[in-house]
Amino acid sequence: MNNHWLSIFAAMIGTDLQYAQQRLVSGELVAIPTETVYGLAANALSAIAVAKIFEAKDRPSFDPLIVHTSAWDRVEQWVQDIPALAHQLAAAFMPGPLTLLLPKKQIIPDLVTAGLPRVGIRLPSHPMTQSLLAQLDFPVAAPSANPFGYISPTTAQHVDDQLGSKVSYILDGGSCEVGVESTIISFEEERAVILRKGGTPVEAIEAVIGPVEVRAHSTSNPTAPGMLKSHYAPRIPFLLGNTAELVKQHAGKKLGVLAFSKPIEHQDVRFQQILSPTRNLSEAAQRLFASMREMDQMDLDLIIAEYLPEEGLGRAINDRLRRAAAI
Ligand code: TXA
Ligand code: MG
């Protein structure tokens, strides 16, 4: 590819791994597909490159970034004192939608961790990004590729819509398979604690290491990830609860409904998204963010959503719905 001058006007979108690699080596930002959501990547070992991520996302510098690489046996270069439990979890779930917080070595710039002693390590399983990361001799820092506080992107188009002018390349790996961000785990005195519910369900983790504490959504823990209440927030007011009742309460407004499996009948409901007619939680997770984005573009006064079953991926979905509603 030679006509990269086009990137002055809009982000280039494509599948050119070599070009993506070149841009990252040059310290530029590249949006990458992962199985969870698209990430906004830069060389994690370069503070100058990482600073561009914060700038592009308009992200406060107190919010740390996750570092991505291709294989577990590479991470010793960047972290130390890896607990036995972490090795066990890595063997069971990596590559995949899991992030482990581990004590960082000095080579990871403080900007990446917002000054915290631990860094989030993740091995994405998306084949395109796996190949890209395997070709790089450094790891990449990557938050979700959305403006700070908005809904995470699950297609290359979502990234282009909002950050197109700020990235040098968008690697197009199709729609994200999992659809919600990785589960984040930290270790306290050799115990695992879940700080963000995500693409690896709590039940799957417990099947491998036994009962774990889930401390996601606690406001008393300032170092917990993604804990700002209004996160994943749509532009249009968003309510969560019993959809039939909420629709009645808000009759007369232009309503959008985000339902798990069944539509609701009411004259004021202008648009409905059904996440999974067969009540399949994986399908619902896959569609969640794209559905929220689509409704957010419409001429609606209010979006009304319902809770999904609080099990498996449903727990991560409910967490994102609560944050969208800021409750
Ligand atoms: O699935 C994912 O994890 C995606 C893809 C792109 O890998 N990434 C992602 O990154 O969701 P981000 O930055 O949007 O969310 C990561 C969350 C943030 O809320 C951040 O506060 C938290 O993880 N986090 C990162 N490093 C941390 C650390 N060292 N200690 C505590 N929280 C951390
Ligand atoms: Mg994010």
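Scroll up a little and you will see the structure.
Since the model is a prediction, treat every value here as computed from it, not as a measurement.

A.B. asks: Before we move on, could you go through empty space enclosed by the protein and cite the residues and values that matter?
C.D. replies: Scanning the model with the defined rule gives two cavities of 30 Å³ or more in all. Roughly 40 Å³ of internal volume is contained in the largest cavity. Thr-183, Lys-197, Gly-198, Thr-200, Pro-201, Val-202, Gly-312, Leu-313, Arg-315 and Ala-316 together form the lining of the largest cavity. Split into classes, the residues belonging to the lining of the largest cavity amount to four nonpolar, four polar and two charged. Residue assignment places the lining of the largest cavity across two domains, with domain 1 (13–214) and domain 2 (238–324) each supplying three or more.

A.B. asks: How would you sum up the nonpolar core? Please name residues and give values.
C.D. replies: Of all hydrophobic cores here, the largest spans 49 residues; its most connected members are Trp-72 and Leu-100. Formed by 29 residues, the second largest nonpolar core is a distinct cluster that contains Val-37, Phe-238, Ala-284 and Met-295.

A.B. asks: Residues and numbers for the pattern of salt bridges, please.
C.D. replies: Enumeration according to the criterion identifies 16 salt bridges in this entry. A salt bridge links Glu-28 to Lys-52, with the nearest nitrogen and oxygen atoms 3.6 Å apart. Of this pair, Glu-28 sits in the loop between α1 (17–25) and β2 (30–32) while Lys-52 sits in helix α2 (residues 47–57), and the two are 24 residues apart along the sequence. Taking relative accessible area as the criterion, Glu-28 reaches 27% and is therefore assigned partly exposed. Here Glu-310 and Arg-315 are joined by a salt bridge, their closest N and O atoms 3.9 Å apart. Residue Glu-310 is classed as partly exposed on the basis of its relative accessible area, which comes to 41%. Salt bridges sharing common partners tie together Glu-181, Asp-319, Arg-320 and Arg-323.

What counts, and at which threshold
- Residues numbered from 1 in each chain as written.
- Chains lettered and ligands numbered in written order.
- Predicted model: local features only at pLDDT ≥ 70, side-chain atom pairs only at ≥ 80, totals over all residues.
- Heavy atoms only, no water.
- 1 Å grid on protein atoms, 1.4 Å probe; cavity = no way out; pocket = protein on both sides within 12 Å on 5 of 7 lines; lining within 4 Å.
- Points joined across faces, edges and corners; volume = space filled by probe spheres on them.
- Nonpolar A, V, L, I, M, F, W, Y, C, P; charged D, E, K, R; others polar.
- Domains from an automatic or database assignment.
- Core = buried A, V, L, I, M, F, W, Y, C linked by side-chain atoms within 4.5 Å.
- Buried < 20%, exposed > 50% of the residue type's maximum accessible area, 1.4 Å probe, protein only.
- Salt bridge = Lys/Arg side-chain N within 4 Å of Asp/Glu carboxyl O.
- Helix = DSSP H or I, 4+ residues; strand = E, 2+ residues; numbered from the N terminus.

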